[in-house]
Amino acid sequence: MAERWGGEPTEPIPGAGRSGGYGDQRGRPVDPTRVLPPSRRPPGTGGPERTRRRRAWLIVAGVLAVAIILVLVILLLTSSGGNSNNAVTIDSFNVASTVSCSGPTTIGVSWSATNATHVVLSIDGSTPSKTYSGSKGADTLPFACNGAAHTYTITATSGSGARASQTQTVTQLSTPTTTPRTTTTTKPPPTTSAPTTTTTSTGPTTT
């Protein structure tokens, strides 16, 4: 029984088998078969089509990366510009720095802000005293003349929630202390009248 060929595929060589044997045209013996190249490519190697696909994917990935970076930069610039345009700033907050008083009194205040929808005023950091709509205004606020300094705070807020605050301190001037002057009155000595002298004359008695 003949064994099957287990090697690489072969094909007959042209000219083989002439004259009843294997040989070339000159009669020299030759190998009746030759090895054909393998039908499969070695692993790890790619053809031109695979190389083109890889190159195309690299180009697409690079374009996407550049597009994402540009979008992020544009968003960052837009966000920064919007925040700066909508920022709240207090342009002026006018309050007297000192007050001369001896009892409870009032002081005048005025303010001006940018990008503010309403303004809140508070005294000594307590609960807001008053709320005003708009970005500009003026009012009269109480001042307690108790010898202590008091703080007045303005808080301006925009529609988007951005806010800015500023505080002014008002000091009470000390009232000069006056010492009552005591006046001593000297009464004049009592007036004394001159002594009265009574003279009695005794004359001779005539009978």
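You'll find the structure just up there.
Below: a short report on this structure.

## Concerning the side chain of threonine 157
Thinking step 1. With respect to the helices and strands, the residue threonine 157 is situated in strand β9 (residues 150–157).
Thinking step 2. Look at threonine 157 and you get buried, because its relative accessible area is 8%.
Thinking step 3. What threonine 157 contacts, discounting residues up to four positions off in sequence, is Val88, Ala116, Thr117, His118, Ala162 and Arg163.

## Some remarks on the nonpolar core
Thinking step 1. Counting 23 residues, the largest nonpolar core has Phe93, Trp111, Leu121, Phe143 and Tyr152 as the members making the most contacts within it.
Thinking step 2. Within the residue set of this core, elements represented by two or more residues are β3 (89–95), β5 (105–114), β6 (118–123), β8 (136–143), β9 and β10 (163–172).
Thinking step 3. No other element matches β5, which puts four residues into this core.
Thinking step 4. Setting aside anything within four residues of it in sequence, one finds tyrosine 152 in contact with Phe93, Ile107, Ser122, Ile123, Leu141, Pro142, Phe143, Gln166, Thr167, Gln168 and Val170.

## Some words on the sheet that holds β6
Hydrogen bonds between backbone atoms are what pair the strands of a sheet, whose relative direction is either parallel or antiparallel.
Thinking step 1. Pairing is mixed across the open sheet formed by five strands, whose spatial order is β4-β10-β9-β6-β7. One side of each edge strand has no neighbouring strand; the edge strands of this open sheet are β4 (98–99) and β7 (130–133).
Thinking step 2. Where β6 lies against β9, six bridges are found, and the strand directions are antiparallel. In the strand pairing of β9, isoleucine 123 is matched with tyrosine 152.

## A few points about the environment of cysteine 145
Thinking step 1. Of note, cysteine 145 is situated in the loop between β8 and β9.
Thinking step 2. For cysteine 145, a relative accessible area of 15% corresponds to the buried category.
Thinking step 3. Taking the C-alpha atoms as reference points, cysteine 145 and proline 104, separated by 41 residues in sequence, lie 5.1 Å from one another.
Thinking step 4. Excluding residues that lie within four positions of it along the chain, cysteine 145 makes contacts with Cys101, Ser102, Gly103, Pro104, Thr105 and Gln172.

## Thoughts on a nonpolar patch on the surface
Thinking step 1. Where nonpolar side chains cluster on the molecular surface, the patch consists of Ile68, Val71, Leu72 and Leu75 and spans about 400 Å² of accessible area.
Thinking step 2. Its place among the elements puts leucine 75 in helix α1 (residues 48–85).
Thinking step 3. Taking the relative accessible area as the measure of exposure, leucine 75 reaches 53% and is therefore exposed.

## Brief notes about the sheet that holds β3
Thinking step 1. Spatially, the three strands line up as an open sheet ordered β3-β5-β8, and their pairing is antiparallel. Strands with a single pairing partner mark the edges of an open sheet, and in this sheet they are β3 and β8. Adjacent strand axes in the sheet meet at a mean angle of 20° when their direction is disregarded.

## A few points about the side chain of glutamine 172
Thinking step 1. Positionally, glutamine 172 belongs in strand β10.
Thinking step 2. Within polar-contact distance, the side chain of glutamine 172 engages the backbone oxygen of cysteine 101 at 3.3 Å.
Thinking step 3. Of the polar contacts made by the side chain of glutamine 172, one reaches the backbone nitrogen of glycine 147; its length is 2.5 Å.
Thinking step 4. Dropping the residues within four chain positions of it, glutamine 172 is found in contact with Val99, Cys101, Phe143, Ala144, Cys145, Asn146, Gly147 and Ala148.

Each value, and the rule that gives it
- Residues numbered from 1 in each chain as written.
- Predicted model: local features only at pLDDT ≥ 70, side-chain atom pairs only at ≥ 80, totals over all residues.
- Heavy atoms only, no water.
- Helix = DSSP H or I, 4+ residues; strand = E, 2+ residues; numbered from the N terminus.
- Buried < 20%, exposed > 50% of the residue type's maximum accessible area, 1.4 Å probe, protein only.
- Contact = heavy atoms within 4.5 Å.
- Core = buried A, V, L, I, M, F, W, Y, C linked by side-chain atoms within 4.5 Å.
- Pairing = 2+ DSSP bridges.
- Patch = residues over 30% accessible without salt bridge, like charges linked within 9 Å, V, L, I, M, F, W, Y side chains within 5 Å.
- Areas by Shrake-Rupley, 256 points an atom, 1.4 Å probe, with all protein chains shown as cover.
- Salt bridge = Lys/Arg side-chain N within 4 Å of Asp/Glu carboxyl O.
- Axes fitted to C-alpha atoms, helices over the stretch in contact; angles between N-to-C directions.
- Polar contact = N/O pair within 3.5 Å; in protein donor to acceptor, adjacent residues only side chain to side chain.

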